[in-house]
Amino acid sequence: MSALLKVEGLRVEIARRGRVMTAIDDVSFEIAAGEILGVVGESGAGKSVTGTAVLGLLERPAFQAAGRILFDGRRIDTLDEDAMRALRGREIAAVFQDPLTSLDPLMTIGDQLTETIRTHLDLTQAEAVERAARLLAEVGIPAPRERLASYPHEMSGGMRQRVVLALAFSCEPRLIIADEPTTALDVSIQAQILDLLRAMCRERGTAVMLVTHDMGVIAEVADRVAVMYAGRLVEVGPTQSLLAEAAHPYTRGLMGSIPDMHRRDVELAQIPGSMPRPDAPVPGCAFHPRCGQALPRCAVERPLTFTAGASEVACWLADPAARSAA
Amino acid sequence: MNGVKDTILSVDRLTVRFDASPPLLKRLVTGAGRRTVHAVEEVEFEVARGSTFALVGESGCGKSTIARAIAGIQRPSGGSVSFMGVDIAGFRTRHAAMPYRRNLQMIFQDPYASLNPRWRVGRIIAEPILTHGLMTRGAALTARVAELLETVGLSPGDTAKFPHQFSGGQRQRISIARALAANPAFVVCDEPTSALDVSVQAQILNLMRRLQRERGLTYLLISHNLAVVAHMADDMGVMYLGRLVEQGDAGQILGRPLHPYTRLLLDTVPDPRAPKRDRARLAGEVPSPLAPPTGCAFHPRCPLANARCARERPLPIRVEAALVACHAVEEGRLPSRPPAAQQSFATSGDAA
Ligand SMILES: Nc1ncnc2c1ncn2[C@@H]1O[C@H](COP(=O)(O)OP(=O)(O)O)[C@@H](O)[C@H]1O
Ligand SMILES: Nc1ncnc2c1ncn2[C@@H]1O[C@H](COP(=O)(O)OP(=O)(O)O)[C@@H](O)[C@H]1O
Ligand code: SF4
Ligand SMILES: [Mg+2]
Ligand SMILES: [Mg+2]
């Protein structure tokens, strides 16, 4: 099956004070139709930059410096503003951490939904209102018809994020970029929103790029996981196997550092130090100064990507040549 | 919890309410009444010296308000807090409160907001030592600050830097060094790692545990993160809408939760080690603390609620090493946990 979204060798640079820094580099991944890809990593890893690039929303000082982005086999990173705007909302929708990024505080929920619907779909006002009410019902908003007249500030954070989901799904997009959609919510509301997102996607065959810093969220909803570190993808693989036996030393360290509900009196694994920032890049493998297993070549040569089990891993330890020599 | 417990902190029927009424003129014009936020209602618990007591619950359930009442920053509307055997309300003057304050320090979620951005790190850490008159300025104080920085994994050379020159995790280390400066017995930690990435959280939690072992510290740990609580707590209390619904031995509560809210909360937490497990869901949202439901505050969302639950507030009853406030538990109509949940939590008590 051909990929719905294909990102190839994407590099985003940031030009500031006469210096050019690399925010993400050589990022390549695919999302199949109907698939949920989780993109996980610590803050500053480059997750949002990647999502923003796919949405065509990069703003100065950030710009795409290399690579290609293909949607449904068509290159979209070279589209002009108007063409990209037509694609966004219709074919590719976005959900952000703060619902108020997507919702206009001065407009009623109903007006926002119908406006989006009528911009992209050829429907009458009455049909659009009908569709908006059905969407609100589907995302679990009580008394949806009355709610059309409400303003965002009249709702709780969880209810607002439901409205954002209704908005995102309003034109039946094929891909949703969801950037930390539940990070600001309590766990019980988070679970409700994730259930809803997953159910709506499954029903419609919508694909999702789900950006999160939370491995728990990944475990709940992602079919596949892409782990980001210092602007690069270090490991990509199916959720179950990646969580159970991560191949990259960074992924393993990350999993070990998460407190385990079931084993209380163990010391948490610690990754020493912190992730390098774009203004102080590390040569070779960006993780090598913190890696307990680093080889001499890790400090000088950027690792290639190898297959390890069901995953793709950017780590010299996974190099079959090195493994057979060892 | 066998044997004689050395209680360092005792919270007795603590109640904190806030007046959230519209201004008088508006009330007169619109006929609106007074409004009261029931932030904390009749909360009781004890903390044993050298242990970690964790308060867990969703945002707005009253955790930080309890922390502030214990730290003496928030005046209770009712009930009392006694620390090292002395009622904190008795400390009227600043001077008399000194020994109490020295022994009780706080760490907050946002280390940046709680560190004076215009002070150098050395001054930030020396301040509590000077305030409590433990040392005077000089070489010994400088050495003490350097030692504290090393204790929390920073370098003595950091004294001349400002908070903004550090990462979030390092700033939390500075907060910890400041909290330890006066050699306290008790540290209230309000969401100490909630703003940090997991790998940095692990560093801070390991540091907190090491310091507790080395110094016999007592922690009141406030967190909305159940995995953090599971990792740190000896005892825990689960809060819902200003009340403690279940409290006691953390191993028992995590392994065999009794209160319907605790059970659903535990089921709701996504677990990276158990992907896509079968689990029950917590429906609806927490009601407003301006108008908490009658009877059991959880009854509108509780799968086990009956007519009595809507009418009568359940009182805590003891079940082994826990206190649970729930009519279903008292009436013996609590179902055994579904197999999926049993399996995923069965071992936590044993491992402790
Ligand atoms: N507009 C910008 N200007 C300067 N730096 C930026 C900008 N956007 C992102 N960055 C930098 O790029 C890196 C990746 O950021 P981001 O994608 O937001 O990380 P994540 O979403 O994984 O937390 C960070 O170091 C961030 O500081
Ligand atoms: N100073 C205040 N005035 C009015 N309401 C307050 C004040 N402080 C806290 N509250 C309210 O009290 C309740 C408990 O808040 P808090 O203790 O901060 O909860 P938590 O720390 O568990 O998230 C919330 O509904 C909050 O809005
Ligand atoms: S007292 Fe009743 S409503 Fe409250 S938790 Fe128990 S069963 Fe549910
Ligand atoms: Mg981000
Ligand atoms: Mg709080």
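Thresholds, definitions, all that
Residues numbered from 1 in each chain as written. Chains lettered and ligands numbered in written order. Predicted model: local features only at pLDDT ≥ 70, side-chain atom pairs only at ≥ 80, totals over all residues. Heavy atoms only, no water. UniProt positions renumbered as here; feature names shortened; annotations may be inferred. Pairing = 2+ DSSP bridges. Helix = DSSP H or I, 4+ residues; strand = E, 2+ residues; numbered from the N terminus. Axes fitted to C-alpha atoms, helices over the stretch in contact; angles between N-to-C directions. Contact = heavy atoms within 4.5 Å. Buried area = accessible area lost by both parts, 1.4 Å probe. Salt bridge = Lys/Arg side-chain N within 4 Å of Asp/Glu carboxyl O. Polar contact = N/O pair within 3.5 Å; in protein donor to acceptor, adjacent residues only side chain to side chain. Nonpolar A, V, L, I, M, F, W, Y, C, P; charged D, E, K, R; others polar. Near = heavy atom within 4 Å. Areas by Shrake-Rupley, 256 points an atom, 1.4 Å probe, with all protein chains shown as cover. Buried < 20%, exposed > 50% of the residue type's maximum accessible area, 1.4 Å probe, protein only. Core = buried A, V, L, I, M, F, W, Y, C linked by side-chain atoms within 4.5 Å. Left-handed = near helix turned anticlockwise from the far one by under 90°.

The name given to chain B in an unreviewed UniProt entry is Peptide/nickel transport system ATP-binding protein, and the organism recorded there is Ancylobacter aquaticus. Of the comments in the UniProt record for chain B, the one headed Subcellular location (unreviewed entry) reads "Cell inner membrane". Under the UniProt heading Sequence similarities (unreviewed entry), the note attached to chain B is "Belongs to the ABC transporter superfamily."

In the annotation of an unreviewed UniProt entry, the entry for chain A reads Peptide/nickel transport system ATP-binding protein, and the organism field reads Ancylobacter aquaticus. Its UniProt record, at the heading Sequence similarities (unreviewed entry), says of chain A: "Belongs to the ABC transporter superfamily." One UniProt comment on chain A, placed under Subcellular location (unreviewed entry), says "Cell inner membrane".

Caption draft 1: View of the sheet that holds strand S10 (residues 243-249) of chain B. Residues and elements named next belong to chain B. One open sheet accounts for eight strands, arranged S6-S7-S8-S3-S9-S10-S12-S11; its pairing is mixed. Edge positions in the sheet fall to strand S6 (104-107) and strand S11 (317-319), since each has one partner strand and no second. Neighbour-to-neighbour, the strand axes of the sheet open up by a mean angle of 20°, direction not taken into account. Here S6 pairs with strand S7 (residues 186-190) via four bridges, running parallel. If you follow Met 106 over to S7, its bridge partner there is Val 188. Against the sheet, helix H8 (residues 198-215) touches strand S3 (52-56), S7 and strand S8 (218-223), its axis set at about 160° to S8. Strands strand S9 (235-240) and S10 of the sheet are contacted by helix H11 (residues 260-268), whose axis makes an angle of about 100° with S9.

Caption draft 2: Up close: the interface of chain B and chain A. Across the contact, 43 residues belong to chain B and 45 residues belong to chain A. Taken together, both faces of the contact between chain B and chain A bury some 4000 Å²; the carbon and sulfur share is 51%. Taken together, the connections running from chain B to chain A amount to three salt bridges. When the shortest N-O distance is used, the salt bridge between Glu 220 of chain A and Arg 279 of chain B registers 3.1 Å. Counting across the interface, chain B meets chain A through 18 residue pairs in polar contact (both at pLDDT 80 or more). Mapped onto the side of chain B that touches chain A, the elements with two or more residues apiece are H8, helix H9 (226-232), helix H10 (250-255), H11, helix H14 (339-345) and helix H15 (348-351) of chain B. If you tally residues by element for the side of chain B that touches chain A, the top one is H8 of chain B, at nine residues. Its residues assigned to classes, the side of chain B that touches chain A shows 21 nonpolar, 12 polar and 10 charged.

Caption draft 3: Structural context of the site of ligand 2. All names here are of chain B. Taken together, the residues surrounding ligand 2 are Phe 18, Val 37, Ala 39, Ser 59, Gly 60, Cys 61, Gly 62, Lys 63, Ser 64, Thr 65, Arg 68 and Pro 289. Cys 61 places a main-chain nitrogen or oxygen 3.3 Å from an oxygen atom of ligand 2. A distance of 2.8 Å is found between an oxygen atom of ligand 2 and a side-chain nitrogen or oxygen belonging to Ser 64. Sorting the residues of the shell around ligand 2 by element identifies strand S2 (36-48) and helix H2 (63-70) as the ones contributing at least two each. Counting residues per element, the shell around ligand 2 draws most heavily on H2, at four residues. A class-by-class count of the residues in the shell around ligand 2 yields five nonpolar, five polar and two charged.

Caption draft 4: Representation of the site of ligand 1. Residue and element names in this part refer to chain A. Surrounding ligand 1, one finds 14 residues, the nearest of these being Gly 44, Gly 46, Lys 47, Ser 48 and Val 49. Between ligand 1 and the protein, one listed contact pairs an oxygen atom with a backbone N or O atom of Ala 45 at 3.1 Å. In this structure, Lys 47 approaches ligand 1 through a side-chain N or O atom, which is 2.8 Å from an oxygen atom. Against a free-state accessible area of 550 Å², the protein chains account for coverage of 71% of ligand 1.

Caption draft 5: Spotlight on the environment of Arg 131 of chain A. Residue and element names in this part refer to chain A. Secondary-structure assignment places Arg 131 in helix H5 (residues 125-138). What makes Arg 131 buried here is its relative accessible area of 17%. For Arg 131 and Ala 178, which are 47 residues apart along the polypeptide, the C-alpha to C-alpha distance reads 22 Å. Discounting chain neighbours no more than four positions away, the residues touching Arg 131 are Ile 117, Leu 121, Leu 123, Ser 170, Cys 171 and Glu 172.

Caption draft 6: Local environment of the nonpolar core. Grouped together as the largest cluster of nonpolar side chains are 64 residues, with contacts concentrated most on Ile 176, Met 208, Leu 226 and Met 236 of chain B. A per-element tally of this core places H8 of chain B first, with seven residues. Leave out the neighbours within four places in its chain, and Met 236 of chain B touches Phe 53, Ala 54, Val 56, Leu 226, Val 229, Glu 246, Gln 247, Gly 248, Ala 250, Ile 253 and Leu 254 of chain B. The next biggest cluster of nonpolar side chains, apart from the first, holds 62 residues, and it includes Ala 53, Ala 62, Met 215 and Ala 286 of chain A.

Caption draft 7: Focus on the packing of helix H4 (residues 109-120) of chain A against H5 of chain A. Residues and elements named next belong to chain A. Following both chains from N to C, one finds H4 and H5 inclined at 115°, their axes separated by 9 Å at the closest point. Crossing of H4 against H5: the hand is right-handed. Counting all contacts with H4, which are made through Ile 109, Leu 113, Thr 114, Ile 117 and Arg 118, the residues of H5 involved are Gln 125, Ala 128, Val 129, Arg 131, Ala 132, Leu 135 and Leu 136. Residues belonging to the contact of H4 with H5 are distributed by class as follows: eight nonpolar, two polar and two charged.

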